[in-house]
Amino acid sequence: MRYIDSHAHLADAAFDADREDVIARARSAGASAVISIGESIAAADRAANIAASHPGFVYHTAGIHPHDAAEFHEPRDIEAIRRHVAAGAIAIGECGLDYHYDHSPREAQRRAFESQLRLAGELQRPVVVHSREADDDISDMIGAAADAGVRGVLHCFTGTHAVAETALSAGWYVSFSGIVTFKKWDDIELLRLVPDDRLLVESDAPYLAPVPMRGKRNEPAFVTRTIERLATVRETSLDSIATQTAANTRHLFGLAMPDAHS
Ligand SMILES: [Zn+2]
Ligand SMILES: [Zn+2]
């Protein structure tokens with residue numbers, strides 16, 4: 001099978017000791033690309049270097065995570081994201097709202113998210129969105145961004161059907177992580193609700209390793225477990241989930257389609 005990990009934190013210190021092995025294992029497992037998320041400007045700088053040493057395989061993004069929104073400084077950070085996009089970052093994010101942890105005040109989270117959505121509209125780049133327990137605000141802000149022509153993905157999605165439906169009707173994508181393999185995960189209907197052409201898969205590595213690696217450090221090679229779970233629930237083959245989600249990821253982020261012979 002050939003798949004794309006649409007969301008991995010390859011720049012995370014968890015991979016400092018063996019990053020090249022992790023990337024090699026992703027290739028052996030069938031990955032045709034990995035999107036390395038820059039959840040801060042420092043992480044985006046590191047992710048850009050990783051992408052530069054794996055052209056056509058690792059791509060990077062740049063944004064400010066809602067956890068760090070309290071330190072968001074608009075002129076400085078928007079300028080840095082803009083510079084990353086000009087240098088090849090394929091998307092803005094991850095950004096969004098996290099009202100579960102509330103590591104930053106909600107008002108600051110909304111300001112940082114709003115500002116990044118505005119930049120996405122101006123640059124016409126997709127956004128990678130983190131959303132947790134912020135349904136109403138996420139729906140409102142995604143709806144407004146979609147009206148301005150912004151497309152994106154709700155990453156590591158575990159929210160309500162209503163939010164998923166709002167995103168889907170706005171033309172957005174929904175990405176599932178290893179969480180959907182956990183024994184306690186029971187929202188099977190959510191896994192069936194996302195149409196074939198809007199479905200993405202991701203590791204969110206180093207976090208959220210799927211069963212049976214749960215609790216260990218996650219890595220992009222483990223996305224095959226999430227693909228298996230989706231294939232079972234959606235009553236299709238692993239190959240069709242892998243191929244379809246890879247094509248969707250390429251479409252959302254504007255990546256070249258792979259060479260048919262590679
Ligand atoms: Zn996230
Ligand atoms: Zn993430």
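Residues numbered from 1 in each chain as written. Chains lettered and ligands numbered in written order. Predicted model: local features only at pLDDT ≥ 70, side-chain atom pairs only at ≥ 80, totals over all residues. Heavy atoms only, no water.

Engineer: Lay out the coordination of the zinc ion (ligand 1) with the relevant residues and their values.
Structural biologist: Distances from the zinc ion (ligand 1) to its protein donors, Glu94 (OE), His130 (ND1) and His155 (NE2), fall within 2.0 to 2.2 Å. In this structure, the zinc ion (ligand 1) is positioned 3.4 Å from the zinc ion (ligand 2), and both are ligated by Glu94. Of this pair, Glu94 sits in strand 4 (residues 91-98) while His130 sits in strand 5 (residues 127-132), placing them 36 residues apart in sequence. For the pair Glu94 and His130, one class covers both residues: buried. (Donors = N, O, S within 2.8 Å, 3.2 Å for Na, K, Ca; no water. Helix = DSSP H or I, 4+ residues; strand = E, 2+ residues; numbered from the N terminus. Buried < 20%, exposed > 50% of the residue type's maximum accessible area, 1.4 Å probe, protein only.)

Engineer: Give a description of the coordination of the zinc ion (ligand 2) that names residues and reports values.
Structural biologist: Taken together, His7 (NE2), His9 (NE2), Glu94 (OE) and Asp204 (OD) make up the full set of protein donors to the zinc ion (ligand 2), lying 1.9 to 2.7 Å away. One can describe the donor arrangement at the zinc ion (ligand 2) as irregular, given that its four donor atoms subtend angles of 86 to 171° at the metal. Donor residues for the zinc ion (ligand 2) sit on one chain with the sequence pattern H-x1-H-x84-E-x109-D. Look at His9 and you get buried, because its relative accessible area is 3%. (Tetrahedral: all angles 85-135°; square planar, octahedral: opposite > 155°, others 65-115°.)

Engineer: Kindly report on the packing of aromatic side chains, identifying the contributing residues and their values.
Structural biologist: Enumeration according to the criterion identifies zero aromatic pairs in this entry. The aromatic ring of Phe57 is capped on one face by Arg27, whose charged end is 4.0 Å from the ring centroid. Stacked on the ring of Phe182, the Lys or Arg Arg214 has its end atom at 3.7 Å from the ring centre. (Phe/Tyr/Trp six-rings, centres within 6.5 Å; stacked < 30°, edge-to-face > 60°. Lys NZ or Arg CZ within 6 Å of the ring centre and 35° of its normal.)

Engineer: Which residues make up the state of the cysteines, and what values go with them?
Structural biologist: Applying the stated criterion across every chain, the model contains zero disulfides. Cysteine Cys95 shares no disulfide, and the gap to the nearest cysteine sulfur, in Cys156, comes to 15 Å. When its relative accessible area of 0% is taken as the criterion, Cys95 is described as buried. (Disulfide = S-S within 2.5 Å.)

Engineer: Help me get a handle on the pattern of salt bridges, residues and values and all.
Structural biologist: Scanning the entire structure with this criterion turns up 14 salt bridges. Between Arg25 and Glu219 there is a salt bridge, and its shortest N-O distance comes to 2.7 Å. Of this pair, Arg25 sits in helix 1 (residues 19-29) while Glu219 sits in the loop between strand 8 (199-201) and helix 8 (223-233), and the two are 194 residues apart along the sequence. Given a relative accessible area of 4%, Glu219 falls into the buried group. When salt bridges with common partners are traced through the structure, they connect Asp18, Arg25, Arg217 and Glu219 into a single cluster. (Salt bridge = Lys/Arg side-chain N within 4 Å of Asp/Glu carboxyl O.)

Engineer: Mind laying out helix 6 (residues 161-169), listing which residues take part and the relevant values?
Structural biologist: Of the positions making up helix 6, those classed as buried are Val163, Ala164, Ala167 and Leu168. Looking straight down helix 6, one finds its buried side chains confined to an arc of 135°; they lie on one side. Turning to helix 6, the residues buried within the fold contact helix 5 (135-147), strand 6 (152-154), strand 7 (173-176) and helix 7 (188-193). Of the residues one or two after helix 6, Gly171 is the one with positive phi, at around 90°. (Arc of directions from axis to C-beta. Contact = heavy atoms within 4.5 Å.)

Engineer: Go over the sheet that holds strand 1 (residues 3-8), please, and point to the residues and values.
Structural biologist: The eight strands lie next to each other as 1-2-3-4-5-6-7-8, forming an open sheet whose pairing is parallel. Every other strand in the sheet has two partners, leaving strand 1 and strand 8 as the edge strands with one partner each. Averaged over all pairs of adjacent strands, the angle between their axes in this sheet comes to 30°, without regard to strand direction. Sheet topology note: the strand 2 (residues 31-36)/strand 3 (residues 58-62) ladder contains three bridges and is parallel. Bridge assignment links Val34 to a residue of strand 3, and that residue is Val58. (Pairing = 2+ DSSP bridges. Axes fitted to C-alpha atoms, helices over the stretch in contact; angles between N-to-C directions.)

Engineer: Which residues make up the pairing of strand 7, and what values do they have?
Structural biologist: Side chains Tyr173 and Ser175 of strand 7 all project onto a buried face; the interleaved residues Val174 and Phe176 project onto the opposite face, where all are buried too. Direction of pairing for strand 6 relative to strand 7: parallel, over a ladder of two bridges. Across the sheet, the residue bridging to Leu154 is Val174, located in strand 7. After leaving strand 6, the chain enters helix 6 and then returns to the sheet as strand 7, a path that is right-handed. Sheet topology note: the strand 7/strand 8 ladder contains three bridges and is parallel. When the sheet's bridge partners are listed, Phe176 is paired in strand 8 with Val201. Where the polypeptide runs from strand 7 across helix 7 and back to strand 8, its parallel neighbour, the crossover connection is right-handed. (Right-handed = clockwise from strand over helix to strand, strands pointing away.)

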